[in-house]
Amino acid sequence: MENARAYRFSSRNEAETGRLAGALAQHADPGSVLALDGDLGAGKTTFSQSFARALGVRAVVNSPTFTIIKEYEGSELPFYHMDVYRLSQEEADELGLDEYFYGSGVTVVEWASLIPDLLPAERLTIYIETGADGERQFCLTPSGERYERWCIGLRENGVLA
Ligand SMILES: Nc1ncnc2c1ncn2[C@@H]1O[C@H](COP(=O)(O)OP(=O)(O)O)[C@@H](O)[C@H]1O
Ligand SMILES: [Mg+2]
């Protein structure tokens, strides 16, 4: 099925990662969820910062490792930035992640694969593989029609392979 298709993006540096983030941000709408994974230093936060900028967030976006969730105002949509590396079940219950996922903003989750049962079924999974020097391979797997459409659009524009 078309659903199983993965899309690829090769990045040689931070600026190129920013280009992918910017292209994805153009598709963002309320309730969009991007689930990021990859080793420490892969570029999850770097991607999130460019994504936020593309949404018109003016505030400085840094890693929400200790706060778990940070909320920002974009020009049209709120941006929710999560880092679930240290998230406990109690905190998850307390924070009410679904209010973010199904809310009026766009959510980016770092270390998303640690909370598979808490993520919405429909999401764009992005795995970042670290290569030599600044090289990163982004593997994007859409779950749901919304994200299929994003990826097909970006492939037509030559952003994704
Ligand atoms: N192509 C690239 N894309 C993103 N970051 C890159 C790239 N090449 C090098 N880097 C560097 O890798 C580091 C990624 O760190 P960070 O985004 O905090 O990773 P993570 O959040 O995945 O732990 C940054 O220092 C960034 O400058
Ligand atoms: Mg990070």
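Up top is the structure these notes are about.
Residues numbered from 1 in each chain as written. Chains lettered and ligands numbered in written order. Predicted model: local features only at pLDDT ≥ 70, side-chain atom pairs only at ≥ 80, totals over all residues. Heavy atoms only, no water.

So, the coordination of the magnesium ion (ligand 2)
And step 1. At the metal site, the magnesium ion (ligand 2) is ligated by Thr45 (OG1) and Glu110 (OE), and these contacts range over 2.2 Å. Within this pair, whereas Thr45 is found in helix α2 (residues 44-54), its partner Glu110 is found in strand β5 (residues 106-110), the two being separated by 65 residues in sequence. (Donors = N, O, S within 2.8 Å, 3.2 Å for Na, K, Ca; no water. Helix = DSSP H or I, 4+ residues; strand = E, 2+ residues; numbered from the N terminus.)

A closer look at the site of ligand 1
And step 1. In the region of ligand 1, 16 residues are neighbours, and Glu14, Thr17, Lys44, Thr46 and Gly134 sit closest.
And step 2. The backbone of Gly41 places a nitrogen or oxygen atom 2.8 Å from an oxygen atom of ligand 1.
And step 3. Contact distances for ligand 1 include 2.6 Å between an oxygen atom and a side-chain N or O atom of Thr46.
And step 4. For ligand 1, whose unbound accessible area comes to 570 Å², protein coverage reaches 74%. (Near = heavy atom within 4 Å. Polar contact = N/O pair within 3.5 Å; in protein donor to acceptor, adjacent residues only side chain to side chain. Areas by Shrake-Rupley, 256 points an atom, 1.4 Å probe, with all protein chains shown as cover.)

Brief notes about the environment of Arg8
And step 1. The topology assignment puts Arg8 in strand β1 (residues 7-11).
And step 2. For Arg8, a relative accessible area of 43% gives the class partly exposed.
And step 3. It is 5.5 Å that separates the C-alpha atoms of Arg8 and Leu160, two residues lying 152 residues apart in sequence.
And step 4. Residues in contact with Arg8, not counting those within four places in the same chain, are Phe138, Cys139, Val159, Leu160 and Ala161. (Buried < 20%, exposed > 50% of the residue type's maximum accessible area, 1.4 Å probe, protein only. Contact = heavy atoms within 4.5 Å.)

None of the figures reported here should be taken as evidence of function without further support.
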